[in-house]
Amino acid sequence: MPSEYMIEVRDLVKVYPSGHRAVAGIDFDIPREGFFGFLGPNGAGKTTTMKILGTLLRKTSGTVTVAGYDVDADPQAIRRSIGFAMQEVGLDDLAKGRDFLQLQGVLYGLSRREARRKADELLELVGLVHVAGQRVGTYSGGMRRRLDLAGALMHDPDILFLDEPTVGLDPQSRIAMWEHLENLNAKGVTILLTTQVMEEADRLCHTIAIIDHGQIVARGSPEALKAEVGGDIVQIALHDIDDAPDEALNERAEELVGLQGYVESIDRAEDGIAITVKNGSAAVPDLVGLLHDNRIPVASLSVARPTLDDVFLKYTGRAIRAEEAAGDGVGKMMRRF
């Protein structure tokens, strides 16, 4: 009976010859049709882990199965089951877009007829039909990313590995890429993505693992991780239409609000009060009604929700770093090449 997980990792360790411990004993599972994201800075171990899963790099220790196959015992079977779009886009600038995809299909073992059919299907999927006859060297960065993604899908893989797929893209191209990935996942493709973009992880991933210094420091759905940081902040600016002192107005508001069971804490803000609640959307109507019924006028109101930036800061003690990875010599060599 097939496992419910497409990827299973136990105590994975990778130490480079330099002695750098890039991955320090991590565990995680990815279910079938899941969308899993590694969120972390450069050098955290994201790409190293993905390369091990994709059989591009040998692990030091631990056990890893991908699509039911062990990475050491049956790497060829894994390669037939996955598509891999790396951060360094590998395209032939002199080839035309359609020809590039057809060649990829033939290399994957498709017949020429199957390769033509699949190439046309994927060009439609990624919105490149209108430039399919142009040389890849004339493509924009966003087009090149989409063509690279199409190339990774030519053999209908069960699993798709994406290493920072939207790095360097403009906002419009990034959103288009997100939509393509959501469609693929909805069709049953299991996706593992690495990213440093908080919004990308929040929008796409069912489960996120925050990785730093080779260790997973937090894991869960985006909403669950944000909920661990704390409640929503409802900030209410008050003014007094009856000429009562602002201090008295704030005290009255604090006293009334503090009696509500959903309120976790109250702090003074510059022009009113800041209220921490479990669910801002549900609390706002009640808070406004409460203050209105007690003749406490509300000048303005805003709700601030925890973000993945807050989550990362909580679990690592800092914002995402920008320094280059220290241990992946192969990746560095390929980038220079």
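In what follows, the structure referred to is the one given above.
Below: a short report on this structure. Since the model is a prediction, treat every value here as computed from it, not as a measurement. (Residues numbered from 1 in each chain as written. Predicted model: local features only at pLDDT ≥ 70, side-chain atom pairs only at ≥ 80, totals over all residues. Heavy atoms only, no water.)

### Some words on the overall build of the chain
- The helix and strand inventory of the chain stands at 12 helices and 14 strands.
- Reported as C-alpha extents along the three principal axes, the dimensions of the chain are approximately 80 × 50 × 45 Å.
- Scored against the burial criterion, the 337 residues of the chain give a buried share of 46%.
- Taking contacts inside the chain between residues at least 6 apart in sequence as the whole, the part at least 24 apart equals 68%.
- Working note: accessible area of the chain is about 16500 Å², and carbon and sulfur atoms make up 50% of it.
- Separation of charge centres in the chain, based on 37 positive and 51 negative side chains, amounts to 12 Å. (Helix = DSSP H or I, 4+ residues; strand = E, 2+ residues; numbered from the N terminus. Buried < 20%, exposed > 50% of the residue type's maximum accessible area, 1.4 Å probe, protein only. Contact = heavy atoms within 4.5 Å. Areas by Shrake-Rupley, 256 points an atom, 1.4 Å probe, with all protein chains shown as cover. Lys, Arg positive; Asp, Glu negative; His and termini not counted. Charge placed at Lys NZ, Arg CZ, Asp CG, Glu CD.)

### Here we look at the sheet that holds strand E2 (residues 21-31)
- Judged by pairing direction, the sheet is antiparallel, and its 4 strands sit side by side in the order E2-E1-E4-E5 without closing on themselves. For this open sheet the edge positions go to E2 and strand E5 (69-70), each flanked by a neighbour on one side alone.
- Pairing geometry for strand E1 (residues 5-15) and strand E4 (residues 61-66), over 5 bridges, is antiparallel. Counterpart to Val 9 in the pairing with E4 is Val 64. (Pairing = 2+ DSSP bridges.)

### Quick notes on a nonpolar patch on the surface
- There is a patch of nonpolar side chains on the surface, built from Val 288, Val 298, Leu 301 and Val 303 and spanning about 240 Å² of accessible area.
- A per-element tally of the nonpolar patch places strand E14 (residues 298-304) first, with 3 residues.
- Mapped onto the elements, Val 303 comes out in strand E14.
- Relative accessible area serves as the criterion here: at 36%, Val 303 is assigned to the partly exposed category. (Patch = residues over 30% accessible without salt bridge, like charges linked within 9 Å, V, L, I, M, F, W, Y side chains within 5 Å. Salt bridge = Lys/Arg side-chain N within 4 Å of Asp/Glu carboxyl O.)

### Side note on the sheet that holds strand E13 (residues 272-277)
- Reading across the sheet, the 4 strands line up as E12-E13-E11-E14 and stay open at both edges, with antiparallel pairing between neighbours. Strands with a single pairing partner mark the edges of an open sheet, and in this sheet they are strand E12 (263-269) and E14. When strand polarity is set aside, the average angle formed by the axes of neighbouring strands in this sheet is 20 degrees.
- With 6 bridges joining them, strand E11 (residues 232-238) and E14 adopt antiparallel strand pairing. Pairing of Gln 235 across the sheet is with Ser 302, part of E14. (Axes fitted to C-alpha atoms, helices over the stretch in contact; angles between N-to-C directions.)

### Focus: the pairing of E13
- The element E13 is largely enclosed, with a buried count of 6 among its 6 residues.
- Judged from the 6 bridges that link them, E11 and E13 form a sheet pairing that is antiparallel. Within the sheet, the bridge partner assigned to Gln 235 lies in E13 and is Ala 274.
- Sheet topology places E12 next to E13; 6 bridges connect them, and they run antiparallel. Opposite Asp 267, over in E13, you have Ala 274 as the bridge partner.

### Concerning the side chain of Thr 316
- Within the fold, Thr 316 resides in helix H11 (residues 308-316).
- If sequence neighbours within four positions are ignored, Thr 316 has contacts with Ile 210, Asp 212 and Val 217.

### Focus on the packing of helix H3 (residues 97-107) against helix H4 (residues 112-125)
- Interhelical geometry of H3 versus H4 gives an angle of 130 degrees and a closest axis separation of 8 Å. As far as their axial angle goes, H4 and H3 are oblique. As H3 runs across H4, the sense of the crossing is right-handed. Contact with H3, carried on its side by Arg 98, Leu 101, Gln 102, Gly 105 and Val 106, involves Arg 112, Ala 115, Arg 116, Ala 119, Asp 120 and Leu 123 of H4 and no other residues of that element. (Parallel < 35°, antiparallel > 145°, perpendicular 65-115°, else oblique. Left-handed = near helix turned anticlockwise from the far one by under 90°.)

### A look at the packing of aromatic side chains
- Enumeration over the complete set of coordinates arrives at 4 aromatic pairs.
- Ring centres 5.2 Å apart and planes at 20 degrees place the aromatic pair Phe 28 and Phe 36 in the stacked group. Grouping residues by exposure puts Phe 28 and Phe 36 together as buried.
- Pairing Phe 36 with Phe 38 gives two aromatic rings, centres 5.4 Å apart and planes at 80 degrees, and the pair type is edge-to-face.
- Look at Phe 36 and you get buried, because its relative accessible area is 2%.
- Through successive ring pairs, a cluster of aromatic residues spans Phe 28, Phe 36 and Phe 38.
- Here the guanidinium or amino end of Lys 14 rests over the ring plane of Tyr 16, the centre of that ring lying 5.3 Å away. (Phe/Tyr/Trp six-rings, centres within 6.5 Å; stacked < 30°, edge-to-face > 60°. Lys NZ or Arg CZ within 6 Å of the ring centre and 35° of its normal.)

### Side note on the environment of Leu 249
- Along the chain, the position of Leu 249 falls in helix H9 (residues 246-257).
- In this structure, the C-alpha to C-alpha distance between Leu 249 and Lys 96, residues 153 residues apart in sequence, is 70 Å.

### Remarks on helix H1 (residues 46-53)
- Counted residue by residue, H1 has 8 buried out of 8 residues, so it is predominantly covered.
- Listed in full, the buried residues belonging to H1 are Lys 46, Thr 47, Thr 48, Thr 49, Met 50, Lys 51, Ile 52 and Leu 53.
- One or two steps after H1, the chain reaches Thr 55, where phi turns positive at roughly 65 degrees.

### Overview of the packing of helix H8 (residues 222-229) against H11
- At their nearest, the axes of H8 and H11 sit 9 Å apart, and the two run at 60 degrees to each other. With respect to their mutual orientation, H8 and H11 come out oblique. Taken as a pair, H8 and H11 cross one another with a handedness that is left-handed. Only Leu 308, Asp 310, Val 311, Lys 314 and Tyr 315 of H11 make contact with H8, whose side of the interface consists of Pro 222, Leu 225, Lys 226, Glu 228 and Val 229.
- Residue composition of the contact of H8 with H11, grouped by class: 6 nonpolar, no polar and 4 charged. (Nonpolar A, V, L, I, M, F, W, Y, C, P; charged D, E, K, R; others polar.)

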